[in-house]
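# A structural walkthrough
Chain residues, written in single-letter form:
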Amino acid sequence: TSSDFTDRDQDASYDESSAKKVSLSGSTAKVSGDGAEVSGSTVTITAAGTYVLSGSSENVQILVKAGDQDKVQIVLNGVTMKGTDAAIVVESADKTFITLAEGSKNSIADSANHTNTDYDAAIYSKDDLTFNGSGSLTIEGNYGNAVESNDDLRISGGTYTIKGYKNALSANDAINIKDETMNLTATYDAIHAENDKNTSQGNFYIHSGKINI
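No experiment lies behind these values; they were computed from the predicted model shown. (Residues numbered from 1 in each chain as written. Predicted model: local features only at pLDDT ≥ 70, side-chain atom pairs only at ≥ 80, totals over all residues. Heavy atoms only, no water.)

## With respect to the overall build of the protein
Looking only at helices and strands, the protein has zero helices and 22 strands in total. The C-alpha radius of gyration computed for the protein amounts to 16 Å, which stays within 12% of the reference 17 Å derived for 213 residues, consistent with globular compactness. Overall, the C-alpha framework of the protein stretches about 40 × 40 × 35 Å when taken along its three principal axes. Burial analysis of the protein (213 residues in total) assigns 49% to the buried set. In the structure as shown, the protein presents an accessible area of about 9,400 Å², 40% of it carried by carbon and sulfur atoms. For the protein, the separation between the mean place of its 16 positive charges and that of its 30 negative charges on side chains is 4 Å. (Helix = DSSP H or I, 4+ residues; strand = E, 2+ residues; numbered from the N terminus. Rg over C-alpha atoms; globule rule 2.2 N^0.38 Å. Buried < 20%, exposed > 50% of the residue type's maximum accessible area, 1.4 Å probe, protein only. Areas by Shrake-Rupley, 256 points an atom, 1.4 Å probe, with all protein chains shown as cover. Lys, Arg positive; Asp, Glu negative; His and termini not counted. Charge placed at Lys NZ, Arg CZ, Asp CG, Glu CD.)

## Here's the deal with the sheet that holds strand β3 (residues 36-39)
Across the sheet, eight strands lie side by side as β3-β4-β6-β8-β11-β14-β17-β20; this open sheet has mixed pairing. The strands lining the two open edges of the sheet, one partner per strand, are β3 and β20 (191-193). Between one strand axis and the next, the sheet turns by 15° as a mean value, whatever way the strands run. (Pairing = 2+ DSSP bridges. Axes fitted to C-alpha atoms, helices over the stretch in contact; angles between N-to-C directions.)

## A few points about unusual backbone geometry
Located in the positive-phi region is Asn59, a residue other than glycine, with phi close to 70°. Topologically, Asn59 is positioned in the loop between β5 (49-58) and β6 (61-65). Even without being a glycine, Asp179 presents a positive backbone phi close to 55°. By relative accessible area, Asp179 is classed as partly exposed at 46%.

## A closer look at the packing of aromatic side chains
A full pass over the atoms with the stated rule returns two aromatic pairs. Pairing Tyr119 with Tyr124 gives two aromatic rings, centres 5.2 Å apart and planes at 45°, and the pair type is tilted. Comparing Tyr119 with Tyr124, the two get one shared label, buried. A ring pair is formed by Phe131 and Tyr160, whose centres lie 6.1 Å apart and whose planes are at 90°; its orientation type is edge-to-face. Note that Phe131 is positioned in strand β12 (residues 128-133) and Tyr160 in strand β16 (residues 159-164), a separation of 29 residues in sequence. (Phe/Tyr/Trp six-rings, centres within 6.5 Å; stacked < 30°, edge-to-face > 60°.)

## Remarks on the nonpolar core
By size, the foremost hydrophobic cluster in this structure holds 46 residues, and its most contacted members are Phe131 and Leu169. Here this core takes five residues from strand β7 (residues 71-82), the largest share from any one element. When residues no more than four places from it in sequence are discounted, the contact partners of Leu169 are Val147, Leu153, Ile155, Ile162, Ile175, Ile177, Met182, Leu184, Ala190, Ile191 and His192. Counting residues in each nonpolar core, the second largest holds six residues, with Leu63, Ala86, Val89 and Tyr124 among its members. (Core = buried A, V, L, I, M, F, W, Y, C linked by side-chain atoms within 4.5 Å. Contact = heavy atoms within 4.5 Å.)

## A word on the environment of Ala146
Within the secondary structure layout, Ala146 lies in strand β14 (residues 145-149). A relative accessible area of 0% means that Ala146 is categorised as buried. Separated by 22 residues in sequence, Ala146 and Ala168 have C-alpha atoms that sit 5.0 Å apart. Dropping the residues within four chain positions of it, Ala146 is found in contact with Ala121, Ala122, Ile123, Ile139, Gly141, Ile162, Lys163, Gly164, Asn167 and Ala168.

## Topic: the side chain of Asn145
Here Asn145 is to be found in strand β14. Classification of Asn145 by relative accessible area gives buried; the value is 6%. A polar side-chain atom of Asn145 sits 2.9 Å from the main-chain amide nitrogen of Asn167. Residue contacts for Asn145: discarding those within four places in its chain leaves Asp120, Ala121, Ala122, Lys166, Asn167 and Ser170. (Polar contact = N/O pair within 3.5 Å; in protein donor to acceptor, adjacent residues only side chain to side chain.)

## Regarding the pairing of β14
The buried fraction of β14 amounts to five of the five residues, a majority that puts the element mostly inside the structure. Looking at chain direction, strand β11 (residues 121-125) and β14 are connected through four bridges and run parallel. From the neighbouring strand, Ala121 faces β14, where its bridge partner is Asn145. Strand direction decides the pairing type here: β14 and strand β17 (residues 169-171), joined by three bridges, are parallel. Following the sheet pairing, Val147 is matched in β17 by Leu169.

Here you go:
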């Protein structure tokens with residue numbers, strides 16, 4: 001599986017003492033540490049590093065706008081996010097890792113009435129996106145897809161309950177899955193990988209785990 005999962009994809013560890021903290025509260029958030037800033041209801045991450053999220057929010061969006069060589073780790077540690085538009089958006093990064101902290105329960109949901117229809121998922125990424133960790137995450141994509149990546153989507157650990165108005169999991173290049181438990185509900189496809197421009201891509205690979213569709 002070396003070509004399908006990097007060591008970093010499968011490594012959910014992080015240094016709590018050096019990580020930046022993002023505390024969600026209502027319609028805003030507070031950030032401690034460099035690399036992220038808050039403007040209204042948007043938390044923008046601009047640098048590589050680990051960012052630990054906690055708390056509950058409504059209409060707060062985590063926006064990753066890092067360099068094309070930057071790796072960003074977002075740790076969900078007891079997070080509840082709901083709102084009109086996508087809760088987590090990756091506009092630019094080399095790769096973004098969403099890590100489910102051990103023992104944590106997390107939930108993310110958008111609405112059926114997006115104001116920004118370019119990001120048509122509850123979690124949307126223009127670049128490579130990896131989920132890992134040993135916590136749990138519930139995702140409701142009520143507008144389009146629940147999780148969407150324009151590049152690769154990898155899942156290597158965790159427990160997920162995912163519901164998509166269209167697809168539950170969607171990617172252009174590849175979807176690779178291992179060591180997870182997932183319950184997927186979708187109107188269209190539970191797992192959808194398609195690339196109209198490159199027929200060698202648009203693949204998915206399931207190595208191990210348990211998936212209920």
